[in-house]
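Results of the structural survey
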Amino acid sequence: MQIGIFSKTFPRPTLAGVLDAVAAHGLQHVQFNLDCAGLEPMPDVIDESTCDVIRQALAARGIEMTAISGTFNMIHPDLYQRQIGLQRLRVLAAACKRLGTHVITLCTGTRDPVSMWRRHPDNDSAEAWQEMLASMHVAAEIAAEFNVTMGFEPEVSNVVDSARKGRRLLDTIQSPHLKVVMDGANVFHAGELSNMHAVLDETFDLLGNDIVLAHAKDISQDGEAGHDAAGTG
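Residues numbered from 1 in each chain as written. Predicted model: local features only at pLDDT ≥ 70, side-chain atom pairs only at ≥ 80, totals over all residues. Heavy atoms only, no water.

Some thoughts on the overall build of the protein
Counting its secondary structure elements, the protein contains 6 helices and 9 strands. Over its C-alpha trace the protein gives a radius of gyration of 17 Å, about what one expects of a compact globule, namely 17 Å for 233 residues. Counting over 233 residues, the protein shows a buried share of 46%. Restricting to contacts in the protein with at least 6 residues of sequence separation, those with at least 24 account for 74%. For the protein, the exposed area adds up to about 11,300 Å²; of that, 50% sits on carbon and sulfur atoms. Between the averaged position of the 18 positive side-chain charges in the protein and that of its 30 negative side-chain charges there is a distance of 4 Å. (Helix = DSSP H or I, 4+ residues; strand = E, 2+ residues; numbered from the N terminus. Rg over C-alpha atoms; globule rule 2.2 N^0.38 Å. Buried < 20%, exposed > 50% of the residue type's maximum accessible area, 1.4 Å probe, protein only. Contact = heavy atoms within 4.5 Å. Areas by Shrake-Rupley, 256 points an atom, 1.4 Å probe, with all protein chains shown as cover. Lys, Arg positive; Asp, Glu negative; His and termini not counted. Charge placed at Lys NZ, Arg CZ, Asp CG, Glu CD.)

Some words on the nonpolar core
Ranked by internal contacts, the top residues of the largest apolar core, which has 54 residues, are Leu89, Ile104, Met136, Met150 and Leu169. Here this core takes 9 residues from helix α4 (residues 126–146), the largest share from any one element. Among all residues touching Leu169, those that are not within four sequence positions of it are Thr108, Trp129, Met132, Leu133, Met136, Phe152, Val160 and Leu178. (Core = buried A, V, L, I, M, F, W, Y, C linked by side-chain atoms within 4.5 Å.)

Section: the packing of aromatic side chains
If you walk through the whole model with that rule in mind, you get 0 aromatic pairs. In this arrangement the basic side chain of Arg168 is found over the ring face of Trp129, its NZ or CZ atom lying 4.0 Å from the centre. (Phe/Tyr/Trp six-rings, centres within 6.5 Å; stacked < 30°, edge-to-face > 60°. Lys NZ or Arg CZ within 6 Å of the ring centre and 35° of its normal.)

Focus on the pattern of salt bridges
Counted by the stated rule, this structure contains 19 salt bridges. Between Asp210 and Arg167 there is a salt bridge whose closest N-O contact spans 2.9 Å. Linking Asp210 in the loop between α6 (196–207) and β7 (211–215) with Arg167 in helix α5 (residues 163–173), this pair joins segments that are 43 residues apart in sequence. Its relative accessible area of 13% is what places Asp210 among the buried residues. (Salt bridge = Lys/Arg side-chain N within 4 Å of Asp/Glu carboxyl O.)

Below, the structure is given as structure tokens:
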């Protein structure tokens, strides 16, 4: 196992500043976000020259791009927004080889039209599940085309809000290019924190063999409450 960090942890005005901060903490792996290079997180176009600049800047500091953020709202109530997200996901996947990574992180989306990270009661509907599956099928096809891995993260604010739904998703899509980003702090619904060990045991029993990346942070309240830095919750 290798320890890394989100590149966005260090807000700096330049890519060099971000990566210098990562290196200064002795870290050699990042989950990268393109806004650290002055781009939109999911742009319409990624120039080859931009990919080269990013990869060279990482290499100069001995840092590996373990994964790159490709999160968009897979079940946005506006179909156009979902279609744009999938188009941009394809652009990102096409750039992965040149960037030097092969894992793209996803969220499974929410019916909330404003925030990808806010729960909506319609997330539990059969329609939301089917629309998420439709988006994820396309994502898996994109992943196969460009030989990358899509890693979705189960979290309480999204349509896949539990390990059981995560397992159901994997068993439905049945793609070797679809895996799990595990963040234990994000699977506790309101009232479940007191049952922490049982929830985590079930989560790892159901998803452990499909985890491609893990996030480490703490939690002091369950549900959609704020999270804490590792060691402080």
